Amino acid sequence: MQRIFLEPASPLCVPGGLALIPALNALAAQCRRLKVPVLYSATVHARDGADLGLLSEGLPPWRAAAPFLTDPEWQALHPDVERQGPDPFFAKTRYSAFYGTGLQDWLAAHDKDILIIGGVATIACCAATARDAYFRDIRPIVLSDACATYGLPDMGYGAYDPQQTHRMVLADLARHCARVVSSRVVAEELDQTSNRIP
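Treat the numbers as computed from the prediction; the structure is a model and nothing was measured.

Q: Honestly, the overall build of the protein in this entry has me stumped. Any pointers?
A: Along the protein, the regular secondary structure elements total eight helices and five strands. Mapped from its N terminus to its C terminus, the protein presents α and β elements in the order α-α-β-α-α-β-α-β-α-β-α-β-α. Its C-alpha radius of gyration of 17 Å places the protein within 12% of the 16 Å reference for a compact globule of 198 residues. In terms of overall dimensions, the protein has a C-alpha envelope of 55 × 35 × 30 Å along the principal axes. Counting every position in the protein, which comprises 198 residues, the buried fraction comes to 44%. Working note: accessible area of the protein is about 10600 Å², and carbon and sulfur atoms make up 55% of it. The distance from the centre of the 18 positive side-chain charges to the centre of the 21 negative ones in the protein is 4 Å.

Q: Explanation requested: the sheet that holds strand β4 (residues 139-148) in the structure shown.
A: Sheets are built from strands that pair by backbone hydrogen bonding, the pairs being arranged parallel or antiparallel. One open sheet accounts for three strands, arranged β3-β4-β5; its pairing is parallel. Strands with a single pairing partner mark the edges of an open sheet, and in this sheet they are β3 (114-120) and β5 (179-181). Across the sheet, the axes of successive neighbouring strands diverge by a mean angle of 25 degrees, strand direction being ignored. By the bridge criterion, six bridges tie β3 to β4 in an arrangement that is parallel. Looking across to β4, one finds that Ile117 is bridged to Val142.

Q: Any chance you could explain the packing of aromatic side chains here in plain terms?
A: To describe a pair of aromatic rings, you give the distance between the ring centres and the angle between the ring planes. Taken as a whole and assessed by the stated rule, the structure comprises two aromatic pairs. Their ring planes at 65 degrees and their centres at 4.9 Å tell us that Phe68 and Trp74 sit as a pair that is edge-to-face. With a relative accessible area of 21%, Phe68 lands in the partly exposed category.

Q: Before we go on, may I ask you to explain the nonpolar core in this structure?
A: The nonpolar side chains of a soluble globular protein tend to be buried with one another. With 33 residues, the main nonpolar core has Met1, Leu27, Val120 and Val186 as its most contacted residues. Mapped onto this core, the elements with two or more residues apiece are α1 (3-6), α2 (21-33), α3 (62-69), β4 and α8 (183-196). Ranked by the residues each element gives to this core, the list is headed by α2, at five residues. Residues contacting Val186, with those up to four places away along its chain left out, are Leu27, Ile116, Ile141, Leu143 and Val181. Grouped together as the second largest cluster of nonpolar side chains are 20 residues, Phe90, Leu107, Ala127 and Ala178 included.

Q: In this structure, what is going on with the environment of Thr93? I would like to understand it.
A: With respect to the helices, strands and loops of the structure, Thr93 is situated in the loop between β2 (89-92) and α5 (103-109). In the structure, Thr93 is positioned 12 residues away from Val81 in sequence and 21 Å away in space, judged by C-alpha atoms. With near-sequence residues (within four places) excluded, Thr93 lies in contact with Val44, His45, Asp51, Leu55 and Tyr99.

Q: I'm lost on the pairing of β4 in this one. Help?
A: Consecutive side chains of a regular strand alternate in pointing toward one face of the sheet and then the other. The element β4 is extensively covered by neighbouring structure, given that seven of its 10 residues are classed as buried. Each parallel crossover has a hand, and for β3 linked through helix α6 (residues 122-135) to β4 it is right-handed. Bridge analysis of β4 against β5 gives three bridges, and the strand direction is parallel. Bridge pairing links Val142 to Val180 in β5. Handedness of the crossover is the feature at issue here: the chain leaves β4, passes through helix α7 (residues 162-176), returns alongside β5, and the resulting connection is right-handed.

Q: How do you make sense of the pattern of salt bridges when you look at a structure like this?
A: One pass over the full model with this rule turns up six salt bridges. Among the ionic pairs, Arg3 bridges to Glu7, the shortest N-O distance being 2.8 Å. Among the residues examined, Glu7 registers a relative accessible area of 17% and is labelled buried. The salt bridge partner of Asp87 is Arg32, with a shortest N-O separation of 2.6 Å. One end of the pair, Asp87, is in the loop between α4 (72-75) and β2; the other, Arg32, is in helix α2, and 55 residues separate them in sequence. Of the residues examined, Asp87 reaches a relative accessible area of 7% and is grouped as buried. For Arg32, a relative accessible area of 23% corresponds to the partly exposed category.

Calculation rules
- Residues numbered from 1 in each chain as written.
- Predicted model: local features only at pLDDT ≥ 70, side-chain atom pairs only at ≥ 80, totals over all residues.
- Heavy atoms only, no water.
- Helix = DSSP H or I, 4+ residues; strand = E, 2+ residues; numbered from the N terminus.
- Rg over C-alpha atoms; globule rule 2.2 N^0.38 Å.
- Buried < 20%, exposed > 50% of the residue type's maximum accessible area, 1.4 Å probe, protein only.
- Areas by Shrake-Rupley, 256 points an atom, 1.4 Å probe, with all protein chains shown as cover.
- Lys, Arg positive; Asp, Glu negative; His and termini not counted.
- Charge placed at Lys NZ, Arg CZ, Asp CG, Glu CD.
- Pairing = 2+ DSSP bridges.
- Axes fitted to C-alpha atoms, helices over the stretch in contact; angles between N-to-C directions.
- Phe/Tyr/Trp six-rings, centres within 6.5 Å; stacked < 30°, edge-to-face > 60°.
- Core = buried A, V, L, I, M, F, W, Y, C linked by side-chain atoms within 4.5 Å.
- Contact = heavy atoms within 4.5 Å.
- Right-handed = clockwise from strand over helix to strand, strands pointing away.
- Salt bridge = Lys/Arg side-chain N within 4 Å of Asp/Glu carboxyl O.

Rendered as structure tokens:
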């Protein structure tokens with residue numbers, strides 16, 4: 001939930017991303033009240049772009065976006081995202097929050113085997129993180145109404161608008177590796193769980 005992916009002036013702005021902030025903030029606040037850790041990850045690249053790797057060759061046009069990707073002001077979480085000081089932060093250079101970040105070790109050290117995923121973009125960072133969690137026997141839960149994505153241009157297989165892309169990715173994740181539910185369902189389940197703890 002970084003400025004580069006949420007603000008219209010950025011070439012990598014994700015449609016609908018800003019609208020997710022209230023729901024994500026509310027769920028994060030509920031988790032903190034219940035002592036459920038709230039983690040953040042963000043795409044953070046070196047100023048010289050040396051760690052962009054193959055990202056600089058693909059779509060979306062990362063090379064054109066490099067000045068944004070490598071600028072700490074654009075890399076920052078959006079100011080409306082209510083991250084608290086103790087919330088762990090994992091800087092990443094690829095889509096997955098597990099890639100080179102220490103996230104897996106943190107989850108293991110804190111005896112956590114479930115990861116709730118929200119943010120942008122459904123098709124890239126959220127999906128990659130969900131799959132990587134699954135591959136590590138960590139149960140991913142993807143928030144169907146608290147993720148958003150960009151559309152896909154016609155790469156020879158037809159074009160898909162953002163909503164079509166979002167639904168397609170959620171269906172794929174639900175079929176192959178993740179539990180996909182709304183933030184409301186997760187909030188209710190968290191409350192139910194907390195009521196069972198003496």
